[in-house]
Each structure stands twice: as structure tokens, then as C-alpha cells.
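# Coordinate inspection notes
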Amino acid sequence: MQEEIERIPEGYSEGIYKEVKYSITKDVFNNGKSFKIYAKELQGNDFISLNYYITSNSELLKPCEMPKDKVVNFLKEVIIL
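Computed from a predicted model, the values in this text were never measured in an experiment. (Residues numbered from 1 in each chain as written. Predicted model: local features only at pLDDT ≥ 70, side-chain atom pairs only at ≥ 80, totals over all residues. Heavy atoms only, no water.)

Further remarks concern the environment of Asn73. Locating Asn73 in the fold gives a position in helix H2 (residues 68-77). Given a relative accessible area of 33%, Asn73 falls into the partly exposed group. (Helix = DSSP H or I, 4+ residues; strand = E, 2+ residues; numbered from the N terminus. Buried < 20%, exposed > 50% of the residue type's maximum accessible area, 1.4 Å probe, protein only.)

In C-alpha cells form, the structure reads like this:
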């Protein structure tokens, strides 16, 4: 997942997921070792929210109140504009 996380630019961006436009905000913390991503459908109610941590032993993807599959699919399929 780290590759998918890194391709989203820090700050505000927009992307297309399943033919729908989303606003995407990415915050970077701890010298690039943790990330918060929030994406919101621009003309609807859908959203994606997650935290991602890189530790010395592993990488941890923590979706916020949604299934992990939803977050993984978004990260893999979103087209950054």
C-alpha cells in the first residue's frame, strides 16, 4: 500500500474513482512515517478516510469507520488529476 499512498500528493488534490470526482486531502506526519487521507465525493455523500503508519517492523493501514476493502480499492483505483 505504500506505493499507492505515496502517489497521492500531500495537501489537496482531486481524483476520479469509479467515474466520480473526489476531493482528496493528504497530511503527512512523523517525517513521512504516518499519513492521513480523507477523500470526499464532490457531488455526493461517499467518503474515504484512513490512517497509514510505517513502523520499523511493518506497515499498518487503519481505515476510519469503513471496511478495509473499500479503502484498498480506492487507493488502487483512484486516478489523480
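Okay, back to it.
Hydrogen bonding along the main chain pairs the strands of a sheet, whether they run parallel or antiparallel. Read from one edge to the other, the open sheet built from 6 strands follows the order E5-E4-E3-E2-E1-E6, with strand pairing classed as antiparallel. The outermost strands of the open sheet, each flanked by one partner alone, are strand E5 (59-63) and strand E6 (79-80). Pairing between strand E3 (residues 34-41) and strand E4 (residues 47-54): 7 bridges, direction antiparallel. Note on E4: the bridge partner recorded for Ser34 is Tyr53. (Pairing = 2+ DSSP bridges.)

Let us now look at the pattern of salt bridges. Pairing between side chains of opposite charge can happen when the charged atoms of each approach one another. If you walk through the whole model with that rule in mind, you get 2 salt bridges. The closest approach of N and O atoms between Glu14 and Lys21, which form a salt bridge, is 3.2 Å. One salt bridge in this structure joins Lys70 and Asp46, with 2.7 Å as the shortest N-O distance. Placement of the pair is Lys70 in helix H2 and Asp46 in the loop between E3 and E4, with a sequence separation of 24 residues. Since its relative accessible area comes to 29%, Lys70 is described here as partly exposed. (Salt bridge = Lys/Arg side-chain N within 4 Å of Asp/Glu carboxyl O.)

Here the focus is the nonpolar core. Within soluble globular proteins, side chains that are nonpolar tend to cluster in buried spots. Counting 19 residues, the largest nonpolar core has Ile24, Leu50, Phe74 and Leu75 as its most contacted members. Each residue touching Ile24, except ones within four places of it in the same chain, is listed here: Ile8, Gly11, Tyr12, Ser13, Glu14, Gly15, Ile37, Tyr38, Ala39, Phe74, Val78 and Ile80. (Core = buried A, V, L, I, M, F, W, Y, C linked by side-chain atoms within 4.5 Å. Contact = heavy atoms within 4.5 Å.)

This part covers the pairing of E5. Of the pairings in the sheet, the one linking E4 to E5 comprises 5 bridges and is antiparallel in character. Among the inter-strand pairings, Tyr52 is bridged to a residue of E5, identified as Leu61. A loop of 4 residues connects E4 with E5, the two strands running antiparallel in sequence.

Regarding H2, the residues found buried are Val71, Val72, Phe74 and Leu75. Viewed along the axis of H2, the buried residues span an arc of 160 degrees, placing them on a single side of the element. Set apart from the buried face of H2 by more than 90 degrees, the exposed residues are Asp69 and Lys76. (Arc of directions from axis to C-beta.)

Our next topic: the side chain of Lys26. One can find Lys26 in strand E2 (residues 20-29). The charged side chain of Lys26 is buried without a salt bridge, its nearest counter-charge being Glu10 at 6.9 Å. A polar side-chain atom of Lys26 sits 2.8 Å from the main-chain carbonyl oxygen of Ile5. Residues in contact with Lys26, not counting those within four places in the same chain, are Ile5, Glu6, Ile8, Pro9, Glu10, Gly11, Phe35, Lys36 and Ile37. (Lys, Arg positive; Asp, Glu negative; His and termini not counted. Polar contact = N/O pair within 3.5 Å; in protein donor to acceptor, adjacent residues only side chain to side chain.)

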